Amino acid sequence: MFYEKNIIKKNPLRVDIRFASVYPNVYKTAMSSLGYQIIYSFVNDRQDCYCERIVYPAYRSLETNSPLADFDIVSFTIQYEQDYFNVLEILKKAGIPLRREERGENDPLIIAGGPCVSANPLPLSDFIDIFIIGEAEAVLYDFLDLYKDLENSKGLNHNDLSRFADINGLYVSHLNNDVEIAILDDMTDAYQLENPIITETDDADLMPVFSNSIFLNVSRACTRGCRFCMSSYLYRPMRESDLNSLIEMAKSTREKTGINKITLIGAAVSDYSRINELIDTLRNEGFLVSTPSMRIESINHEILLSLRQSGLKTLTIAPESIYRLRKSINKKIPDEKIFEVIRDAVDLGFNLKLYFLIGLSSSNQKDIEDLAEFMRNIDSMKYNIDSNSESSRKKAKVSIKFSVNPLIPKPHTPFQWKSYDIKDIKSKIKFLKKNLKGLDIKFDSARMGLIQYVLSCGSRQTGDLIEKSLSQKVSLKEWKIHVPHYEVGDALPWDSIHVSVNKDFLICEYEKLESGEETPWCEENSCYNCGACDN
């Protein structure tokens, strides 16, 4: 059984622009994406457009079962580099020529957006006509207005899209134009999703990750400055939603949909300046409140208690590594703080999921041994339910799960001048597997980490490998040949993409990787002139 509520119905013959919003990953992931749901409603708010959804592996729309080739514009929302393969697979299945230069006037215009292609569109630039660099609400209407004007005047010339380069936030692939990232000035301009699509199904593979939920976008961007994290640099400055507006939106959406569950969305939800008040107010209004993850340094007992009382069962946090290596990536959280949060969470009955990184540039054998000991200590805390008891319980009341992932250097971060050492990653994974038997751990593949690195930091030539993978298996040896090695001062494939922070600031942060010097949070300290604001 599968049924959707709040889908939008229009007559495709009575609109000027048929817009296909494509998510190159499975349905449960697509419908858990706030950005994807915003685009659907945002475009459909225009009377001249009809936006329909196409979700991998399908190439026909959910709304009218129309084939992808029938649309005027095909827009991909890309959250993960691994989905680049699915983008080409969808185009191929739909009968749309893969490469830009092979498409004609009767083919759709192909556009794409999302964090990974905002940072570096080059690997897909032979297949995508135009990229939206930044936040969709800041640029999408201007794009649609120009598209409509060009179509109405003399028809759109797919071989000359230079007019689109005049719009801030649009990267035109055949021009390789310089472009500034487009972001909203403040959250009052952010689109409020008051009619989310509701999925009713008995198939667990189709139920959205957050189930049917009201998405409250509490903030955008993060300025903590974790040196490996693209979100720490791409969308600065941090912008917060008004507390009263969030509460009113939650109540209004519940009245329209009957949904009583809230999911708080933001790059750093627990850094929201009125987070305690927000959670308490929502809980007092009868909402169940959840959030995908929390920053450890912002968590306190009051937040945990409010979340537990509002129904949250699993707390997700990211210690990343041991203290010495956390300092090097500008995540200077003492072990005592991490243990305090875990102890508090266990006492309140939370299950925990913890994320760790391996492959940090300055790590050595002693560090990986210390990491194993650190993880064992954390796992043992699941037995310490009763703090007044002198002995630990033999059976844990809660579960503690670990996810260990290779660090993938990303564009527009200090790690863009680091490479990926697959031999070192494999060695560390092997050591942890041997020494952490009995713990509930999921290890990401070292091989897939290397491929993701090439996709993330590669050039236009990377597209040849993506296309080749459609028809044959690309060997690891071939991927290794394309592993980039950049030095400070080198020209980078994404140099034409100008994001919120400047390169001089990134170089300073790169130099601090080795020294471990901290760059304190600018929300509580002085401005570091990263380039994101006028302070």
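Residues numbered from 1 in each chain as written. Predicted model: local features only at pLDDT ≥ 70, side-chain atom pairs only at ≥ 80, totals over all residues. Heavy atoms only, no water.

(A) Region of interest: unusual backbone geometry. Between Y56 and the following residue, P57, the backbone shows a cis peptide bond with an omega angle of 10°. Mapped onto the elements, P57 comes out in the loop between β3 (49-55) and β4 (73-77). Although it is not a glycine, A221 adopts a positive phi angle of roughly 75°. Residue position: A221 is located in the loop between β11 (219-220) and β12 (239-240). The class for A221 is buried, based on a relative accessible area of 5%. Here N330, not a glycine, exhibits a phi torsion of approximately 65°, which is positive. (Helix = DSSP H or I, 4+ residues; strand = E, 2+ residues; numbered from the N terminus. Buried < 20%, exposed > 50% of the residue type's maximum accessible area, 1.4 Å probe, protein only.)

(B) The arrangement of the packing of helix α7 (residues 275-284) against helix α8 (residues 301-309) in detail. As a packed pair, α7 and α8 sit with axes 10 Å apart at the nearest point and diverge in direction by 20°. The orientation of α7 with respect to α8, classified from their angle, is roughly parallel. Viewed along their axes, α7 and α8 form a crossing whose handedness is left-handed. Residues I275, N276, I279, D280 and R283 of α7 pack against E302, I303, S306, L307 and Q309 of α8. Tallied by class, the residues present in the contact of α7 with α8 amount to 4 nonpolar, 3 polar and 3 charged. (Axes fitted to C-alpha atoms, helices over the stretch in contact; angles between N-to-C directions. Parallel < 35°, antiparallel > 145°, perpendicular 65-115°, else oblique. Left-handed = near helix turned anticlockwise from the far one by under 90°. Contact = heavy atoms within 4.5 Å. Nonpolar A, V, L, I, M, F, W, Y, C, P; charged D, E, K, R; others polar.)

(C) Focus on the confidence of the model for the protein chain. Predicted confidence across the protein chain gives a mean pLDDT of 94, with 98% of residues reaching 70 or more. Counted against residues more than four places away or in other chains, residues 385-392, with its pLDDT under 50, gives 6 contacts. (pLDDT = per-residue confidence, 0-100.)

(D) Looking closely at the sheet that holds strand β16 (residues 351-358). In space, the 4 strands of this open sheet follow the order β15-β16-β17-β18, with parallel pairing throughout. Since the sheet does not close on itself, it has two edges, and those belong to β15 (314-320) and β18 (440-443), each with one partner. Direction aside, neighbouring strands of the sheet carry axes that sit 20° apart on average. Both β16 and strand β17 (residues 400-406) contribute to a ladder of 7 bridges, which runs parallel. Opposite I358, over in β17, you have P406 as the bridge partner. Where helix α11 (residues 365-380) meets the sheet, it contacts β15, β16, β17 and β18, and its direction lies at approximately 175° from that of β16. Its contacts with the sheet place helix α12 (residues 422-435) against β16, β17 and β18, and it is angled at close to 145° to β16. (Pairing = 2+ DSSP bridges.)

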